[in-house]
Amino acid sequence: MTKRQSVLPSVALVLGLVLLWGGERIASPDGSARMVLDAIAAVLCAIALGTRILSARSASGERRTVEARLLGCYAGVVVSLALYAARTEKGLEMLGIASGEGARIPAVLTVAFTVLLLCSLFPLLFMELSYASMPSELSVERRRIDVSAQAGLTIALALSALFSLGYALDGWGKKWDLSYFKTTRPSASTRKLVERLGAPMTVYAWFPKVNDVADQVLPYLREVRGSSKKLKLQGMDQALRPKLAREQRVSKNGTIVIEQNDKRETIAIGLELQDARSKLRRLDADFQKAFLKVTRPGRTVYLTTGHEERGDPEAKDGEELSIDDFRTLLAELGVTTRNLGVGQGLASDVPDDATAVAVLGPRKRLLPEEARALGRYVERGGHVLALMDPTDETGLEPFLGMIGLKTLPGTLSSASTFIPRDRTASDHSMVYSNRFSAHPTVTSASRLSQRAASIFIGGGALDRAGDADGGPNVTFTIRSMPGSWLDLDGDFELDEGPEKKVSLNLAAAVSLGGGGARSSQNENEGRAVVIADGDFATDQVLRNLGNVTVLADSLRWLVGEPELPGPPESEEDVRIEHTREEDVAWFYGTIFAMPAAVLGAGLGFVRLTRRRKGTGR
């Protein structure tokens, strides 16, 4: 009995295709790795083809027929690779086809190469699996080989149809929105704002009587209206009330107008449900923002500038250190921002129209006059939010001394409560904590402490300055988790000696009356919130719940308005972000790894079942 040829040629062919794919899709186009992979792939494919030809020539009988069919599949793979080469830039150039003249030819070659490769490779693999169970020429069953080839070809044609359909639809340009859709409902903070209306307000819904978008908007507005008798809801049609529409500057339907006294704000929604879905998902946030603009007096928060603060264009920081989200938070609270530096008079005093002043992570020293001006501003009833890295020379020492605080040397570090980013010791400086006090600046964070924590990146620690029994009223609002220390030598490792694990103060809230004495809360009370981390309000961490709630509550306390809104409702999808390496892993895992695992499990189950039947179990 003559034993059949080994399956090694097919293994070599598949391995060659895998290496060719790796060289073309993963390796750098101009790198040596691609050339090496392509060369090895070509050698393996050539060896596989040559071995299969020799095997077909030496075979006889039914075995010769099977070998011929396997060789035909090999030939199909080789032709498909030739088509792949022809679709490349060099291939088109060798064929004499200019890129402008043959714009459709590469697309045709791509489809042809893919379909031919699938229709050659799948029957080959299925036939090899059946052929492997036929050890001798006498045991070769051509019918089984034919059935296996048909099964592989069926799968290949199905995949080819899906590929071709997807390729065609991609160029068609038509889209269908099959995503989950839901209009927001009024949040608790929105209902609370409406409950506290001091003067009558009218909300005009400019929509035709029959409209899909109106069917989504009106239930929301009716629920809002139920929160206060001082709010009236009027449904209007721009075509039927043209005079009122002109007065409110409404040019078309699909608009909400909020009006109180002489102030008016407009929310544009639209009339087509397909186009209005994104706005309906964040309707509560837009309504809350417009409501605040109508009902609240103008508020101005000055941002210090000229000291390379976070978000300063002159600092040329990356996107992570920008403060766009912080500015958005202020805008949603109806707050206007302005710059404040030496050129705007900070060295002498803070402007009288300032609701608060924010010092966001300066990396250059403030002048002593600027720091003292901030201190005098708090002493006479002003409000300051100061974020700073104690390791930087910020020049804020005079200001901190006037409000009873000082910074401690060293960088906040922890080997247990940190966020891994670079997988190095420097990650120990990315510390988190959910140890919040009962102060109003951390009320929301304290309630969410079981599922949220504030993140500090390269931060530090604070302590009282001077006599603890006199001076400003200082409350430390956030403390570090157990196992934290202040790193003094920059290695981010706990060293013996002055570096010890202690409980550290990471943020403080200060209140004082005239002359710096302790006082109860009143309209003339000076207030300051100091956080020992200059990055606390940057975009890289502000989307973290533990950071944004602390900042929102701090702003609420600083401007003296406990009714400032909390977070609105939103039905927008939360964006999931991955690194490039994670995206590559997810892509290839879902495209190749998972289907291969399912196919392998199925083939293993079938093979095991056949063995059991053969042994009579």
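Residues numbered from 1 in each chain as written. Predicted model: local features only at pLDDT ≥ 70, side-chain atom pairs only at ≥ 80, totals over all residues. Heavy atoms only, no water.

Q: Any chance you could break down the side chain of His307 for me, citing the residues and the numbers?
A: Note on placement: His307 falls in the loop between β5 (299-304) and α12 (324-332). A distance of 3.0 Å separates a polar atom in the side chain of His307 from a polar atom in the side chain of Glu370. Residues within four places of His307 in sequence aside, it is in contact with Asp312, Pro362, Arg363, Lys364, Arg365, Leu366 and Glu370. (Helix = DSSP H or I, 4+ residues; strand = E, 2+ residues; numbered from the N terminus. Polar contact = N/O pair within 3.5 Å; in protein donor to acceptor, adjacent residues only side chain to side chain. Contact = heavy atoms within 4.5 Å.)

Q: Any chance you could break down the environment of Gly375 for me, citing the residues and the numbers?
A: Relative to the helices and strands, Gly375 resides in helix α13 (residues 368-379). Sequence separation of Gly375 and Gly526 is 151 residues, and the distance between their C-alpha atoms is 9.6 Å.

Q: Tell me about a negative patch on the surface, residues and numbers included.
A: Where like charges cluster on the molecular surface, the negative patch consists of Asp212, Asp215, Glu272 and Asp275. Note that Glu272 resides in the loop between β4 (263-268) and α10 (273-281). (Patch = residues over 30% accessible without salt bridge, like charges linked within 9 Å, V, L, I, M, F, W, Y side chains within 5 Å. Areas by Shrake-Rupley, 256 points an atom, 1.4 Å probe, with all protein chains shown as cover. Salt bridge = Lys/Arg side-chain N within 4 Å of Asp/Glu carboxyl O. Lys, Arg positive; Asp, Glu negative; His and termini not counted. Charge placed at Lys NZ, Arg CZ, Asp CG, Glu CD.)

Q: Tell me about the packing of helix α3 (residues 61-86) against helix α5 (residues 105-131), and please be specific about residues and values.
A: Two numbers describe how α3 lies on α5: the axes approach to 8 Å, and their chain directions differ by 155 degrees. In terms of their interaxial angle, α3 and α5 are classed as roughly antiparallel. Pair α3 / α5 crosses with left-handed handedness. Classifying every residue of the contact of α3 with α5 by side-chain character gives 19 nonpolar, 3 polar and 4 charged. (Axes fitted to C-alpha atoms, helices over the stretch in contact; angles between N-to-C directions. Parallel < 35°, antiparallel > 145°, perpendicular 65-115°, else oblique. Left-handed = near helix turned anticlockwise from the far one by under 90°. Nonpolar A, V, L, I, M, F, W, Y, C, P; charged D, E, K, R; others polar.)

Q: Tell me about a nonpolar patch on the surface, and please be specific about residues and values.
A: On the surface, a nonpolar cluster with roughly 660 Å² of combined accessible area is contributed by Leu15, Val18, Trp21, Ile26, Phe587, Ile591 and Phe592. Of all the elements in the fold, those that place two or more residues in the nonpolar patch are α1 (8-25) and α18 (580-615). If you trace the backbone, Trp21 turns up in helix α1.

Q: Before we move on, can you summarise the confidence of the model for the protein chain with the specific residues and values?
A: Here the protein chain shows a mean pLDDT of 83. Residues at 70 or above account for 86%. Contacts of residues 515-521 to residues separated by more than four positions or lying in other chains number 15 contacts, the stretch itself having pLDDT below 50. (pLDDT = per-residue confidence, 0-100.)

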